[in-house]
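Descriptive analysis of the structure
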Amino acid sequence: MSLVRLNIKGISYSQTQNGAYALILNEVDGDRKLPIVIGAFEAQSIAIALEKEIRPPRPLTHDLFKNFADRFDITVKQVIIHKLVDGVFYSSLICERDKIEEIIDARTSDAIALALRFQAPIFTYKNILDKAGIYLKVNPKKEDEQDQDSILVDDLIVEEIETASVEQEGFKNKSLEELNQLLEEAVNNEDYEKAAHIRDEISKR
């Protein structure tokens, strides 16, 4: 079976499952997307790895794994999403130490969080993408205003949560000094979603 390389398109809040998020993987050499429902902790961990500018005061679980692996010269070479059963994706970490490869079973959300930290490529098999891959619909009303990346996936992906939008509006009235203080507080409180919004506002200045 042929492997298809994927990259991370983004993360959105899932309305279909309370407290869950939808991780969207994108086919590198195609237009199909692979949506995977993940938990809030894993979504946070993946988002922090994607942001790179936000560093938690203490290492998260996936950061701890990376530090442990680095200490013992273990590298994650790639992640393969190898099975889909009853809507659940199964993944493997392809690890290497002293030129010896080992395959370790992992939850897909954990595997992707680690792939980001090791800068390892993510793959799935063509038959899985044929079965679960989707073509995202572009909102026709906004097609001229936004990139094809701004998409709707049935009820799974929703536009930004209203509370986040309201919060961002409040940040506009803050000075840079106040924003930096709020950013530090958000990181110390491990509220990384809020920290990301604050950092976006700082970047706009």
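Okay, so let's go over this structure.

Rules used in this analysis
Numbering of residues starts from 1 in every chain and runs along the sequence as written. For this predicted model, a pLDDT threshold of at least 70 governs which residues receive local features, and a threshold of 80 or more governs which side-chain atom pairs are given and counted, while totals over whole chains, interfaces and linings are taken from all residues. To obtain the side-chain values, all non-hydrogen atoms of the structure were included, while hydrogens and water were left out. Starting at the N terminus, helices and strands are each numbered in turn, a helix being any DSSP run of H or I of at least four residues and a strand any DSSP run of E of at least two. Residue exposure (1.4 Å probe, protein chains only): buried if accessible area is under 20% of the type maximum, exposed if over 50%, otherwise partly exposed. Contacts are assigned to residue pairs with any non-hydrogen atoms lying within 4.5 Å of each other. Strands were regarded as paired on the criterion that DSSP finds at least two bridges between them. Stacked, edge-to-face and tilted are the three classes for Phe, Tyr and Trp ring pairs, Trp counted by its six-membered ring, which pair at centre distances within 6.5 Å; planes under 30 degrees apart are stacked, over 60 edge-to-face, the rest tilted. We count a charge as sitting over a ring when the NZ of a lysine or the CZ of an arginine lies within 6 Å of the ring centre and within 35 degrees of the ring normal. Distance thresholds for patches are 9 Å for like charges and 5 Å for nonpolar side chains (Val, Leu, Ile, Met, Phe, Trp, Tyr), applied to residues having over 30% relative accessible area and no salt bridge. We get accessible surface area from the Shrake-Rupley algorithm with a probe of 1.4 Å; when it comes to residues, only the shown protein chains can shield them. Salt bridge criterion: a side-chain nitrogen from Lys or Arg within 4 Å of a carboxyl oxygen from Asp or Glu. As used here, the term nonpolar core means buried Ala, Val, Leu, Ile, Met, Phe, Trp, Tyr and Cys residues forming a set that is joined through side-chain atoms within 4.5 Å.

**Description of the overall build of the protein chain**
Counting its secondary structure elements, the protein chain contains seven helices and nine strands. The buried share of the protein chain, taken over its 205 residues, is 42%. Long-range pairs, those at least 24 residues apart, make up 52% of the contacts in the protein chain with a sequence separation of at least 6.

**Description of the pairing of strand β7 (residues 122-125)**
Neither face of β7 is exposed, since I122 and T124 on one face and F123 and Y125 on the opposite face are all buried. Bridge count for strand β1 (residues 3-13) against β7 is four bridges, and the pairing is antiparallel. Of the residues in β7, the one forming a bridge with L6 is I122. Bridge count for strand β4 (residues 75-85) against β7 is three bridges, and the pairing is parallel. If you follow V79 over to β7, its bridge partner there is I122.

**Details of helix α3 (residues 108-118)**
Burial runs high along α3: 10 of the 11 residues are buried. Those residues of α3 not exposed but buried are T108, S109, D110, A111, I112, A113, L114, A115, R117 and F118. Just beyond α3, the residue with positive phi is Q119, at close to 55 degrees.

**Section: the packing of aromatic side chains**
Both the distance between ring centres and the angle between the ring planes are used here to describe each pair of aromatic rings. Enumeration according to the criterion identifies one aromatic pair in this entry. When the ring of F68 is compared with that of F72, the centres are 5.0 Å apart and the planes differ by 45 degrees; the resulting orientation is tilted. Residue F72 is classed as partly exposed on the basis of its relative accessible area of 41%. A cation sits over an aromatic face here: K66 above F118, 5.1 Å from the ring centre. One residue, K83, lies across the ring of Y90, its end atom 4.6 Å from the ring centre.

**Quick word on a nonpolar patch on the surface**
There is a patch of nonpolar side chains on the surface, built from V85, V88 and Y90 and spanning about 220 Å² of accessible area. Assignment of secondary structure puts V85 in strand β4. The class of V85 is partly exposed, set by a relative accessible area of 34%.

**Looking at unusual backbone geometry**
Phi is positive for D86, which is not a glycine, with a value near 55 degrees. On the accessibility criterion, D86 (79% relative accessible area) is exposed. You will see that D98, though not glycine, has its phi angle at about 55 degrees, which is positive. Within the secondary structure, D98 is located in the loop between β5 (88-97) and β6 (100-107). Residue D98 is classed as exposed on the basis of its relative accessible area, which comes to 58%.

**With respect to the pattern of salt bridges**
Evaluated as defined, the whole model comprises seven salt bridges. The shortest N-O distance in the salt bridge between R32 and D130 comes to 2.6 Å. With a gap of 98 residues between them, R32 in the loop between β2 (21-27) and β3 (33-38) and D130 in helix α4 (residues 126-132) connect regions that are remote in the sequence. A relative accessible area of 13% means that R32 is categorised as buried. The partner of D130 in a salt bridge is K126, with the nearest N and O atoms 3.0 Å apart. Within this pair, D130 and its partner K126 are both found in helix α4, separated by four residues, close to a single helical turn. A single network of salt bridges, built from pairs that share partners, joins E27, R32, K126 and D130.

**Focus on the nonpolar core**
Counting residues in each nonpolar core, the largest one holds 35 residues, and the members touching the most others are L25, L34, I81, F89, L93 and I122. Looking at this core, the element that brings in the most residues is α3, giving six residues.

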